[in-house]
Amino acid sequence: ADFDFGAPPAKAGASSGAAPVAAKTEALAKKEDEKSTIQAAVKQKRTSWDASFDHPYAGALKSNGTGIYCRPCQRWIVTYEFNTEVFLTHVTRVHPKPPPGWG
């Protein structure tokens, strides 16, 4: 159990030494899996806007991938590396209902 506050079990020679080694090996394996997942995500950097991205509130897209113009707000929404999720989050939070005249 994770939170066993009882008395520790009595050591029984070599068998108690093997369990921590196996646990450490498993933890290291998980850490390596996490590293490879992170590295794969980092490698997938976009170099251009998604050609299929279309939203009625989106105006211009900065060519360097750092912003999408929000037409109802009349301001730039800062993005990072051509990521449209920031803009979609902005729309969800700031414009839960369409602005007047956008119905």
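Reading guide: rules and limits
- Residues numbered from 1 in each chain as written.
- Predicted model: local features only at pLDDT ≥ 70, side-chain atom pairs only at ≥ 80, totals over all residues.
- Heavy atoms only, no water.
- Salt bridge = Lys/Arg side-chain N within 4 Å of Asp/Glu carboxyl O.
- Helix = DSSP H or I, 4+ residues; strand = E, 2+ residues; numbered from the N terminus.
- Core = buried A, V, L, I, M, F, W, Y, C linked by side-chain atoms within 4.5 Å.
- Buried < 20%, exposed > 50% of the residue type's maximum accessible area, 1.4 Å probe, protein only.
- Contact = heavy atoms within 4.5 Å.
- Pairing = 2+ DSSP bridges.
- Axes fitted to C-alpha atoms, helices over the stretch in contact; angles between N-to-C directions.
- Polar contact = N/O pair within 3.5 Å; in protein donor to acceptor, adjacent residues only side chain to side chain.
- Disulfide = S-S within 2.5 Å.

Participant: Looking at this structure, how should I read the pattern of salt bridges?
Facilitator: Per the counting criterion, the structure on display carries 1 salt bridge. Lys45 is the partner of Glu81 in a salt bridge, and the nearest nitrogen-oxygen pair spans 3.9 Å. Of this pair, Glu81 sits in the loop between β3 (75–78) and α2 (85–94) while Lys45 sits in the loop between α1 (14–43) and β1 (58–61); the two residues are 36 residues apart in sequence, bridging distant segments of the chain.

Participant: Looking at this model, I keep getting lost on the nonpolar core. Mind explaining?
Facilitator: Soluble globular proteins: nonpolar side chains tend toward being buried together. Membership of the largest hydrophobic core is limited to 10 residues, which are Trp49, Phe53, Tyr57, Ala58, Ile68, Cys70, Ile77, Phe82, Phe87 and Val91. Elements supplying a minimum of two residues to this core: β2 (67–70) and α2. Contact partners of Ala58, with chain neighbours within four places excluded, come to Phe53, Ile68, Tyr69, Arg71 and Phe87.

Participant: What am I meant to see in the sheet that holds β1 here?
Facilitator: Through backbone hydrogen bonds, the strands of a sheet pair up, either in parallel or in antiparallel fashion. Here we have 3 strands laid out as an open sheet, ordered β1-β2-β3, and antiparallel in their pairing. Edge positions in the open sheet fall to β1 and β3, since each of these has one partner strand only. Recorded for the sheet is a direction-independent mean angle of 35 degrees between the axes of neighbouring strands. As defined by bridge partners, β1 adjoins β2 across 2 bridges and the pair is classed as antiparallel. From the neighbouring strand, Ala58 faces β2, where its bridge partner is Cys70. Contacting β1, β2 and β3, α2 crosses the sheet at an angle of about 120 degrees to β3.

Participant: Whenever I open this one, the side chain of Thr79 confuses me. Can you help?
Facilitator: Summarising the element assignment, Thr79 is placed in the loop between β3 and α2. Among the polar contacts made by the side chain of Thr79, one reaches the main-chain amide nitrogen of Gly67 at a distance of 3.0 Å.

Participant: When you look at the pairing of β3 in this model, what are you seeing that I'm missing?
Facilitator: The pairing of β2 with β3 spans 4 bridges and is antiparallel. Looking at β3, one finds that Ile68 is bridged to Ile77. The loop that links β2 with its antiparallel partner β3 comprises 4 residues; one of these, Gln74, has a positive phi angle of about 55 degrees.

Participant: Got a minute to help me understand the state of the cysteines in this structure?
Facilitator: By definition, a disulfide links the sulfur atoms of two cysteine residues through a covalent bond. Counted according to the given criterion, the structure contains 0 disulfides. Unpaired in this structure, Cys70 has its nearest cysteine sulfur neighbour in Cys73, at a distance of 3.6 Å. Look at Cys70 and you get buried, because its relative accessible area is 0%. By relative accessible area, which is 26% here, Cys73 ends up partly exposed.

Interpretation note: all reported values are geometric properties and have no functional meaning in isolation.
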